[in-house]
Amino acid sequence: RGNLQLGVEEVKKMMRSLYSAASGMHAQQLNLDVISNNLANVNTTGFKKSYVDFQSLFYQTIRQAAISSSTGLNNFAVEVGNGVKVAATRTSFVDGGLQQTGNPLDLAIEGKGFFMIQLPNGQVGFTRAGAFRLDSEGYLTNADGCRLLSSQGNASPETSASLNGQDLKYIQPDTDALVVSIAPDGTVITEKNVSNPPVLELANFTNPEGLQAVGSSAYILSEVCGEITIGQPATDAELGIIRSECLEASNVSIVDEMIRMIMAQRAYEIGSKSIQTSDEMLGITNGLKR
């Protein structure tokens, strides 16, 4: 009977170890998914790498900490964890390197700002990918045809767009001009002497990590982004300045991601080994009834 009771307790412990190891393997699988996405976008303009935050699951208290009334000695607590979970996936908005292209409509931001674009669903999107061009109607657009937005633009959008209480407009340089370029302060420069040229503005947030990725190197607002700042480049140090004829490269480091991949693989292997060991110990426990 004593052996049977011991067997029951051991089974409970084995089940706990199985679930803890399984939670670790599941977490490392998601970690590998994030790393793989980073590596896949190593050459994507304006891409920002992500990483995973882990958090331990609740602990089971087998014995509370207490002071013995008879001896006065400390009896420390006995606590056992129940595994791990993914607390969040976070985005690193560290600047990527600048790549010279020679195209005057290729823009990179030196600073924390974001370009504002109108997404196909009418929402205001934010991006660091600055490969812009003129569409058939002369509007500044990105590779997906999403038009740039600015409160100092010069063309009303077909679908109204506003941000932080400010109406945003498209930027439409003089289509008769043969040369269009963007100054470091966002002013649109053409061969014609325009008295009030449109200005490409940038946006920034108290918490950029609160932005929600929607693909195509674009983000949208979420409730945790905090206060929004819209302003002209070079006039606000937080927004930064615009570098023409440059593109911002991905901030993914292949070496760092490979190291993280190896660590994730090793952690996954250890989790599988824990499950295998727990299964073997369960087999031993099952043999006690014989």
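In what follows, the structure referred to is the one given above.
None of the values given here were measured: they were computed from a predicted structure.

> Please clarify how the packing of aromatic side chains should be interpreted in this entry.
On inspection of all chains with the given rule, the structure shows seven aromatic pairs. The interplanar angle of 80 degrees and the centroid separation of 6.5 Å between the aromatic rings of F114 and Y219 together place this pair among those described as edge-to-face. Of this pair, F114 sits in strand β9 (residues 114-118) while Y219 sits in strand β20 (residues 218-220), placing them 105 residues apart in sequence. Considered together, F114 and Y219 belong to a single accessibility category, that of buried residues.

> Just checking my understanding: could you explain the nonpolar core for this structure?
Generally speaking, nonpolar side chains in soluble globular proteins are found buried as a group. One finds L107, F115, L148, L200, L202 and I242 to be the most contacted residues of the largest nonpolar core, which totals 20 residues. Secondary-structure elements contributing two or more residues to this core are β8 (107-110), β9, β16 (180-182) and β20. Look past the residues within four positions of L200 in its chain and what remains in contact with it is L107, F115, L148, S150, I171, D185, G186, P233 and I242. By size, the runner-up hydrophobic cluster in this structure holds 18 residues, among which are V124, A161, Y170 and C225.

> Can you walk me through the sheet that holds strand β19 (residues 212-215) in this structure?
Paired through backbone hydrogen bonds, the strands of a sheet run either parallel or antiparallel to each other. A sheet is described by the order of its strands in space; here six strands give the open sequence β19-β20-β10-β9-β18-β21, paired in antiparallel fashion. Only two strands of the sheet have a single partner each, and these edge strands are β19 and β21 (228-231). In this sheet, neighbouring strand axes are inclined to one another by 45 degrees on average, regardless of whether the strands run parallel or antiparallel. Direction of pairing for β19 relative to β20: antiparallel, over a ladder of three bridges. Each residue of the ladder has a partner; that of G215, found in β20, is A218.

> Just to check I follow, could you spell out unusual backbone geometry for this structure?
In terms of backbone geometry, most residues other than glycine have negative phi values and most peptide bonds are trans. Although it is not a glycine, A234 adopts a positive phi angle of roughly 75 degrees. Among the secondary structure elements, A234 is positioned in the loop between β21 and β22 (241-244). Even without a glycine there, the phi angle at E245 is positive, about 65 degrees. On the secondary structure map, E245 appears in the loop between β22 and β23 (246-248).

> Teacher, can you tell me more about the side chain of S250 here?
In this structure, S250 sits in the loop between β23 and α2 (254-286). Its relative accessible area of 10% is what places S250 among the buried residues. Polar contacts involving the side chain of S250 include one to the main-chain carbonyl oxygen of N41, which spans 3.3 Å. In this structure the side chain of S250 is engaged in a polar contact, spanning 3.1 Å, whose partner is the backbone nitrogen of V252. In this structure, S250 is in contact with N41, V42, T44, G46, F47 and G96, ignoring residues within four places of it in sequence.

Cut-offs and rules
- Residues numbered from 1 in each chain as written.
- Predicted model: local features only at pLDDT ≥ 70, side-chain atom pairs only at ≥ 80, totals over all residues.
- Heavy atoms only, no water.
- Phe/Tyr/Trp six-rings, centres within 6.5 Å; stacked < 30°, edge-to-face > 60°.
- Helix = DSSP H or I, 4+ residues; strand = E, 2+ residues; numbered from the N terminus.
- Buried < 20%, exposed > 50% of the residue type's maximum accessible area, 1.4 Å probe, protein only.
- Core = buried A, V, L, I, M, F, W, Y, C linked by side-chain atoms within 4.5 Å.
- Contact = heavy atoms within 4.5 Å.
- Pairing = 2+ DSSP bridges.
- Axes fitted to C-alpha atoms, helices over the stretch in contact; angles between N-to-C directions.
- Polar contact = N/O pair within 3.5 Å; in protein donor to acceptor, adjacent residues only side chain to side chain.

Distances and angles like these do not, on their own, reveal function.
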